[in-house]
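# A look at the structure
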Amino acid sequence: MKGFGLLLRILIAILLGIAVGSFANDWFIRLFATFNDLFGNFLGFIIPLIILGFIAPGIGSMGRGAGKLLGLTGIIAYSSTVIAGILAFLAAKMLYPLMLNNQSLQSFTDPSEGLSEGFFQVAMPPPMEVMTALLLSFVIGLGIAAIKGDALYNITKDFRNIIHIVIEKVIIPLLPFHIFGIFANMTAAGQVSTILAVFAKVFVMIVILHILYLTIQYTIAGTMSKQNPFSMLRRMVPAYFTALGTQSSAATIPVTLKHTKTLKVRESIADFTVPLLANIHLSGSTITIVSCALAVMFLQGDAVSFATIVPFILMLGITMVAAPGVPGGAVMAAIGLLESMLHFGPTMVSLMIALYLAQDSLGTACNVTGDGAITSITNSLSRKSKRANIS
């Protein structure tokens, strides 16, 4: 399946899982349930290492260099990410009771109910708790930025490269088989029709939210820079479609940078902000993760309040720093928060991964397209700050 893109592999895995699960015997289903248990345990083991590997060097590198511009860009990007998550929550809170009414608690009481169990399990305890990994990442990252030393920073970069290899060479290639097993198991248990209904409806809502949020971002950027926002957005279309193909904000940086410079921003600003934003601005991914998480919780019958989801969104905006370098990196970095803050179990995490990865490329495309708007806003604010200092 290496010749296919990740999205196509996920779709094939889902379709094959449904097809095979409709006629496969219990022994075959239990065989893949065993694989799912092992893979799920390995995910639990690697999550704290992913957090540590992504966040520590990400914060360390953010603290090096351009001072005020770094702070300004970081605040705007983080605010954009948080607002995107809140928008997704409000939309889900308003629309899910209507969209997913037939798939509520009465028809889907427990995602694990009726699923076949594996032949055996192997315990893989994580090296540290998720919150320990987060706190350690902040301490190391901020320490690197404060002492401006290269030795520890280079070690964290090497560790991040190791984690990248694990995700790219182990987790991502095996995910389609994991999702195949989940859907085969759910089909055999008679639950898959509910999940497919959620896929279609949630997918449409997420795409609409992406478009709406990009329109808001460029309306603000256009107003501040006195440009037509839709003209600005049109100039970023090549970056959008490049991200659809690469599924990576980092891999799309050259195209994003080239077209961001057509938005009447200073080259020095674009050269600094675009590579930075590729790692810290995740509005599209946040919309997707929050929407998918709330859909899974709705199926469980779990009510989520604003007071519960806001801390999750605030932590999500930090946890995903530097995660967009690899396809699926955002949801991998978010799994720890889903488990610790929203109390997701293994099956809920699997459903979450499937829902997210089915449209990962669209979330990435929204991220990188929004980077142009954030760069333009940063450019406008830095000009105003300069004028204020002169006067």
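Below, the structure is looked at part by part. (Residues numbered from 1 in each chain as written. Predicted model: local features only at pLDDT ≥ 70, side-chain atom pairs only at ≥ 80, totals over all residues. Heavy atoms only, no water.)

Broken down by element type, the chain carries 15 helices and zero strands. Split into buried and exposed, the 391 residues of the chain put 54% on the buried side. In the chain, the proportion of contacts linking residues at least 24 apart, taken out of those at least 6 apart, comes to 87%. Only carbon and sulfur atoms are counted for the fraction: they give 68% of the accessible area of the chain, which is about 16200 Å². (Helix = DSSP H or I, 4+ residues; strand = E, 2+ residues; numbered from the N terminus. Buried < 20%, exposed > 50% of the residue type's maximum accessible area, 1.4 Å probe, protein only. Contact = heavy atoms within 4.5 Å. Areas by Shrake-Rupley, 256 points an atom, 1.4 Å probe, with all protein chains shown as cover.)

Side-chain pairs of opposite charge can arise whenever the charged atoms involved come near each other. Per the counting criterion, the structure on display carries two salt bridges. A salt bridge links Glu267 to Lys261; its shortest N-O distance comes to 3.8 Å. Of the charged contacts in the structure, one is a salt bridge between Asp271 and Lys261, with a shortest N-O distance of 2.9 Å. Of the two residues, Asp271 is situated in helix α10 (residues 267-280) and Lys261 in the loop between α9 (253-260) and α10; the sequence distance between them amounts to 10 residues. Several salt bridges share partner residues, and in doing so they unite Lys261, Glu267 and Asp271 into one network. (Salt bridge = Lys/Arg side-chain N within 4 Å of Asp/Glu carboxyl O.)

What follows is about the packing of aromatic side chains. To describe a pair of aromatic rings, one takes the distance between the centres and the angle between the planes. All told, the structure shown has seven aromatic pairs when counted by the stated rule. Consider the rings of Phe35 and Phe39, whose centres lie 5.9 Å apart with planes at 20°: the pair is stacked. Of this pair, Phe35 and Phe39 both sit in helix α2 (residues 26-62), four residues apart, which is roughly one turn of that helix. Looking at Phe39, the relative accessible area reads 4%, which means it is buried. Cluster of aromatic residues (ring-pair linked, three or more members): Phe28, Phe32 and Phe180. (Phe/Tyr/Trp six-rings, centres within 6.5 Å; stacked < 30°, edge-to-face > 60°.)

Within the largest apolar cluster, 80 residues are counted, with the highest numbers of intra-cluster contacts made by Ile50, Tyr96, Ile171, Phe183, Ile289, Phe312 and Phe344. Looking at this core element by element, the count peaks at 11 residues for α2. Sequence-distant contacts of Tyr96, defined by excluding residues within four places in its chain, comprise Ala91, Asn101, Val202, Met205, Ser291, Cys292, Leu294, Ala295 and Phe298. In terms of nonpolar packing, the next biggest core, distinct from the first, is built from 25 residues, Ile76, Leu257, Val265 and Ile280 among them. (Core = buried A, V, L, I, M, F, W, Y, C linked by side-chain atoms within 4.5 Å.)

On to unusual backbone geometry, then. Backbone geometry at Lys264 places phi at a positive 65°, although glycine is not the residue there. Position of Lys264 among the secondary structure elements: in the loop between α9 and α10. Of the residues examined, Lys264 reaches a relative accessible area of 62% and is grouped as exposed. Unusually for a residue other than glycine, His343 sits at a positive phi of about 60°. Its location among the elements puts His343 in the loop between α13 (329-341) and α14 (346-357). Under the relative-accessibility criterion, His343 is labelled exposed at 64%.

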